[in-house]
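Structural description and commentary
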Amino acid sequence: MESKIITTDFLIIGGGTAGCYAALTFCEHSDKKVLIVEKAGIKRSGCLAAGVNAINAYISAGHSPQDYVDYAVRDAGGIARRDLLLSMSEGLNRTVRKLEALGLTILKDENGGYVTRGWRNIKINGERIKPILAEAVKNQSQIGILERVNVFEYIVKDNQILGALAVSIDEPIFYTIYAKTVLCATGGASGLYKPNNPGFSRHKMWYPPFNTGAGYAMGIRAGAEMTSFEMRFVALRCKDTIAPTGTLAQGVGAKQINAKGEVYESKYGVTTSQRIYGTVRENADGNGPCYLKTTGITPAQDEELKKAYLNMCPSQTLKWIENGKNPSDENVEIEGTEPYIVGGHTASGYWIGNDRQTTISGLFAAGDVAGGCPQKYVTGAFAEGELAAIAAAEHIGQARAVPVDQMGIANTKRWLEGFLGRSQSDIITDTLEDEMQSAMDRYAGGISQNYSCDEECLQTALQKISGIERKLPLLSANNMRELLYILELRERLTLCKSVIAHLSVRKETRWHIFAERRDYPDKRKEFECFINSRLVGGELEVIKRELI
Amino acid sequence: MSILFESTRCISCKKCAAVCPGSLITVDETARIEHPERCWGCASCVKECPVQAIGLYLGEDVGGKGGRMTARQESTLLHWQIAKSDGTSETITVDLKDSNKY
C-alpha cells in the first residue's frame, strides 16, 4: 500500500448528521483547518440517507429544555445524564432554525409558527435533509472532505489524541492523519445480531448496515471509558420493510392491537422499550401477530401516508402498491428489530464531559457514539456536534506536541498488508459475520430469544465471540473493499465483547427488551447507576458510576 | 430489498455510485451492484439517476412481488413510478416543498 500523510487541525471522523453539523459550527468559531473523513460520500451517508419523517426532538411553546430532560430520563429508567441532556436540549431549537435557513421544509401555521406533532415533534419534509446539510458543508471552503476513506484506528499517546489511521476503500492507500483535536462522529452499530430477515434482505434494517461500530471499537481499543453498552436499542417497525411506525401511530392515531383486535399498549406501558415488550409478550402468549390498526382511515389519509413514506422509507409505499392493499384496507403488521447499539436513542457510548470531550484528551464525541444522552434524534446529534465543535476549537490552542510512535504505525500498515498479500483463505469474512450474529442472537438476547439472556448464556456468547475473533488473522482480502469488510467485522467483534460484559454486570431487568435478564427479572436498587468499562492491559475493567 | 439496473438506459454518469451510503455501486461501461444483498434500500441512487435506470424492489424473502420503483426529479417535484408485475404502473408525485401531513 502507498502511504499518504495528512495534517489538519480538527479531524472529524464521519460525515453524517453530527459530523457535518460540527464542521459547519467549527467554522463559525475558528479559522483553523478542518477535515471530514467519511467512508462513503457525504451527500447521503449515515442515518439520514433515505430522509427522516419528522423532527422528533424539539421544545415547543409552553415547554422547556428541562421538560425534555425529564422525559428522556424517565424513558431511560433513570439511567441518563441530566447534565448532558440539558445542554443538548438547550440547543435543539437553535439547530432547527439553522436547518430551516439552509433550506429544510418545515410545516408552518397561519402565524408562521411550526406545526407540532405532540410537544416534542415538528412536521417537515425530511427527504432532502442530508443533501441540504452536505451542500452547506461543501460550500464552506474551510472544510476539507476526504470521501471513500475508512478510519479504523486512533493515534493516541499518553492518553492524548494525535490523529487517526485510515485506508481508502478503492485504492491501496494507507493514510496517517495527524490532528490537534479529533471528533468521533461515526454513528452507532448495526449487524451485531442476526437481523429480522437474515437471507437476501439481511441489510433491510432500521439502522444503516454500514454503521459498524467503528467509533465505539476505536474508543474501546484506545482505552477510553465507555458507558451503558447493555442498554441496547430495539425499534418497533413495520414487518418486512422495517419501516418506521411513528408516522402511523402518531400521524393517523393507529393503535397497537393483537390478532384478536385488542389494544394492548395500556397493559404494558408506552415507553419505547415497553411498546416492543408488549408486542413480544402478546406474540409469546399466543395473541399474535400484532398490528397497527390502520383499517378505517380515509382515502385521503392513505394517499398522505404513501407520500410520507416516500420521503423516508419508499419500500413501505412500494409494498402497499405492489400488494394492491392500502393501509385503510389492511392493518400493518409490526415487529421488533434486532438489537442495535446506538447512543442517539439510548445511553450507549463514550463517557463524556459536558463539552463532549471523552476520557482521551482532545478526543470529542457527538451523535450516536456519544453516551449518557439518549433520545437525541437528529436535532440532538446536531446540538452535540455544535457543543463538541465549540469545545474542540478552544482545545486546539492547548494541544501539546507529543512524539508519535512511528514503529506502531508501520506495524499496523504491515498488519493490513498481511490480509491483502495472503493467498485465498478458507475462512470467509461473511461466514464469520454470520457466526457472530448467530452467537449474539442465541446467547446474548437476540430476536430468537425474545431479546432475553442469562448469565450462563452470556458466558457462552463471550467464548464464541472470542473464538471468532481468534480466526480473524486467518482472513484474506483480494482488494481494499474486502479489507474494509474485515475491519468492519473486527469492529463488531470488539463491540460484541463489551456488550456482553455490560449485560453480564447489570444483574437486573431495568428495561424490558433492551437488557432483559431471565435470571434477574426485576429492577434492583443497587443498579441505579451507570455501568462503564475501560480496556486496561487487554482486560475489560468494569466501573460503576453514580447517577449524575 | 435491493436495486436493479437497466443497463440499456444507463449513461454511466456515476452519480449513483457517488451517492450510495454503502459505496456498493461500481461503474465500468454501465453501473452495477456486485452484492445486491448488501443494499440498504434507501433509494438514494434511485432518486439521483437522471435517466430512471435504477429500480428499487422488495426481495422475495420480504414479500416482494416483482414490482419496480423508479424516480424522476423535476425542480422540487419527485415523480415516483411504480411498475407492477402485471404490467400496470402507478405514479405518485411528491413536492419536496410540502411537509409531511403526518
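All of these numbers come straight from a predicted model, not from anything done at the bench. (Residues numbered from 1 in each chain as written. Chains lettered and ligands numbered in written order. Predicted model: local features only at pLDDT ≥ 70, side-chain atom pairs only at ≥ 80, totals over all residues. Heavy atoms only, no water.)

Some thoughts on the nonpolar core
Nonpolar side chains tend toward joint burial in soluble globular proteins. Grouped together as the largest cluster of nonpolar side chains are 165 residues, with contacts concentrated most on Y350(A) and I3(B). The dominant element in this core, judged by the number of residues it contributes, is helix α15 (residues 480-505) of chain A, at 13 residues. When sequence neighbours within four positions are dropped, the list of residues in contact with I3(B) reads I25(B), I33(B), C39(B), C45(B), V46(B), I54(B), G55(B), L56(B) and Y57(B). The next biggest cluster of nonpolar side chains, apart from the first, holds 44 residues, and it includes I106(A), Y114(A), A185(A) and F382(A). (Core = buried A, V, L, I, M, F, W, Y, C linked by side-chain atoms within 4.5 Å. Buried < 20%, exposed > 50% of the residue type's maximum accessible area, 1.4 Å probe, protein only. Helix = DSSP H or I, 4+ residues; strand = E, 2+ residues; numbered from the N terminus. Contact = heavy atoms within 4.5 Å.)

Some thoughts on the interface of chain A and chain B
Taken residue by residue, the interface counts 59 residues in chain A and 49 residues in chain B. Summing the contributions of chain A and of chain B, the shared interface buries around 4800 Å²; its carbon and sulfur component is 57%. Where chain A meets chain B, there are 4 salt bridges. Linking D430(A) and R38(B) is a salt bridge whose minimum nitrogen-to-oxygen distance equals 3.0 Å. Our count for the contact surface shared by chain A and chain B stands at 22 residue pairs in polar contact (both at pLDDT 80 or more). (Buried area = accessible area lost by both parts, 1.4 Å probe. Salt bridge = Lys/Arg side-chain N within 4 Å of Asp/Glu carboxyl O. Polar contact = N/O pair within 3.5 Å; in protein donor to acceptor, adjacent residues only side chain to side chain.)

Re helix α5 (residues 214-221) of chain A
Residue and element names in this part refer to chain A. For α5, a buried count of 7 out of 8 residues is recorded, marking the element as mostly surrounded by other parts of the structure. Taken residue by residue, α5 has A214, G215, Y216, A217, M218, G219 and I220 as its buried positions. Directly beyond the C-terminal end of α5, a positive phi value near 85° is found at G223.

Considering the packing of α5(A) against α15(A)
Residue and element names in this part refer to chain A. The geometry of α5 relative to α15 is characterised by a closest axis approach of 8 Å and an angle of 65° between their N-to-C directions. Accordingly, the angle class assigned to the pair α5 and α15 is roughly perpendicular. Between α5 and α15 lies a crossing of left-handed hand. Facing α5, whose interface residues are A214, Y216, A217, I220 and R221, α15 presents R490, E491, T494, L495 and S498. Across the contact of α5 with α15, the residue classes tally to 5 nonpolar, 2 polar and 3 charged. (Axes fitted to C-alpha atoms, helices over the stretch in contact; angles between N-to-C directions. Parallel < 35°, antiparallel > 145°, perpendicular 65-115°, else oblique. Left-handed = near helix turned anticlockwise from the far one by under 90°. Nonpolar A, V, L, I, M, F, W, Y, C, P; charged D, E, K, R; others polar.)

Quick word on the domain arrangement of chain A
Note on interface size: it is often stated as the accessible area lost on association of the parts. All names here are of chain A. If you check the domain split of chain A, you get domain 1 (2-34 + 47-128 + 142-233 + 339-398), domain 2 (236-336) and domain 3 (406-545). Measuring from the centre of the C-alpha atoms in domain 1 to the corresponding centre in domain 3 gives 22 Å. In this assembly, 56 residues from domain 1 lie in contact with 51 residues from domain 3. Three residues, L192, E230 and R232, lead the burial of domain 1 against domain 3; their summed loss comes to 16% of the area buried on that side. For the pair domain 1 and domain 3, the interface holds 5 salt bridges. Residues E225 and R545 are paired through a salt bridge, measuring 2.7 Å at the closest nitrogen-oxygen approach. (Domains from an automatic or database assignment.)

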